[in-house]
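Spelled out, the chains give:
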Amino acid sequence: MSRTVQCIKLGQVSEGLEKPPFKGELGQKVFDTVSKTAWRQWLEHSKMLINEYRLDVTSEQGQRVWMTELEKFFWGEGGTKPADYVAPKHDHDHDHDPGPGGHGHGHGHKH
């Protein structure tokens, strides 16, 4: 029987990883809360980051950036796209009143 987790990314119970993907607290957190499907999505996303930022994931600095982006991808604002990455256009109006709690898009607005 495969192990299941309540996946933080998919918002549903899904098949979990067979073992923590790396050592330490963050590896355990991923193991406990990230599904195989979401982990594959992260690996695809991280390939883009590694290529765009020319990350050397064998260096301490490269690993720090990779871990920071991993945390953002699963528990933060979704991970940043490289500066020259063109995201698909959204059809919503940015001038509306976001109401209590703000709009949460993380566009860097100062309130």
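Residues numbered from 1 in each chain as written. Predicted model: local features only at pLDDT ≥ 70, side-chain atom pairs only at ≥ 80, totals over all residues. Heavy atoms only, no water.

**Things to note about the overall build of the protein chain**
For the record, the criterion: Runs of E in the DSSP output that reach at least two residues are strands. Runs of H or I that reach at least four are helices, and both are numbered from the N terminus. The buried label goes to any residue with under 20% of its type's maximum accessible area, the exposed label to any with over 50%, and the partly exposed label to all in between, with areas taken from a 1.4 Å probe on protein chains only. Residues are treated as being in contact if the distance between any of their heavy atoms lies within 4.5 Å. Calculation of accessible area relied on Shrake-Rupley with a 1.4 Å probe; when residues are assessed, cover is drawn exclusively from the protein chains displayed.
Looking only at helices and strands, the protein chain features three helices and two strands. From first element to last, N terminus to C terminus, the protein chain shows the α and β order β-β-α-α-α. Taking all 111 residues of the protein chain together, 25% fall into the buried category. Long-range contacts, defined here as pairs at least 24 residues apart, represent 51% of the contacts in the protein chain between residues at least 6 apart. Accessible surface for the protein chain amounts to roughly 8,100 Å². Of this, 52% is attributable to carbon and sulfur atoms.

**As for unusual backbone geometry**
Of note, the phi angle at Arg54 is positive, near 55°, even though the residue is not glycine. Residue placement: Arg54 occurs in the loop between helix H2 (36-53) and helix H3 (60-75). Residue classification places Arg54 among the exposed positions, given a relative accessible area of 70%.

**Some words on the pattern of salt bridges**
Pairs can form between side chains of opposite charge once their charged atoms are near each other. Quick note on the threshold: We define a salt bridge as a contact between a side-chain nitrogen of Lys or Arg and a carboxyl oxygen of Asp or Glu at a distance within 4 Å.
For the structure on display, the rule yields five salt bridges. One salt bridge connects Lys36 with Glu15, and the closest N-O pair in it is separated by 3.1 Å. Pair noted here: Lys36 is in helix H2 and Glu15 is in strand E2 (residues 13-15), with a separation of 21 residues, a long-range link. Look at Glu15 and you get partly exposed, because its relative accessible area is 35%. The partner of Glu44 in a salt bridge is Lys47, with the nearest N and O atoms 2.9 Å apart. A residue pair is termed a helical-turn pair when its members lie 3 or 4 positions apart in one helix, as Glu44 and Lys47 do in helix H2 at three residues. Its relative accessible area of 45% is what places Lys47 among the partly exposed residues.

**What about helix H1 (residues 24-33)?**
Stated precisely, the cut-off is as follows: Comment: arc refers to directions from the helix axis out to C-beta atoms.
Buried residues of H1: Leu26, Gly27, Val30 and Phe31, and no others. The buried residues of H1 all sit within an arc of 140° when viewed along its axis, so they share a single face. The inward-facing, buried residues of H1 contact strand E1 (4-6), H2 and H3.

**Quick look at the environment of Ser35**
Position of Ser35 among the secondary structure elements: in the loop between H1 and H2. The spatial distance from the C-alpha of Ser35 to the C-alpha of Glu15 is 5.5 Å, given a sequence separation of 20 residues. With residues near it in sequence (within four places) discarded, Ser35 still touches Val5, Cys7, Leu10, Ser14, Glu15 and Gly16.

**As for the nonpolar core**
In plain terms, the rule: Here, nonpolar core means buried Ala, Val, Leu, Ile, Met, Phe, Trp, Tyr and Cys residues that are tied together by side-chain atoms lying within 4.5 Å of each other.
Core analysis: the biggest nonpolar cluster contains 16 residues, and Phe22, Val30, Trp39, Trp42, Leu70 and Phe74 have the highest contact counts within it. Among the elements of the structure, H1, H2 and H3 are those that each provide at least two residues to this core. With five residues, the top contributor of residues to this core is H2. Beyond its immediate sequence surroundings of up to four residues, Trp39 is in contact with Leu17, Pro21, Phe22, Val30, Val34, Trp66, Leu70 and Phe74.

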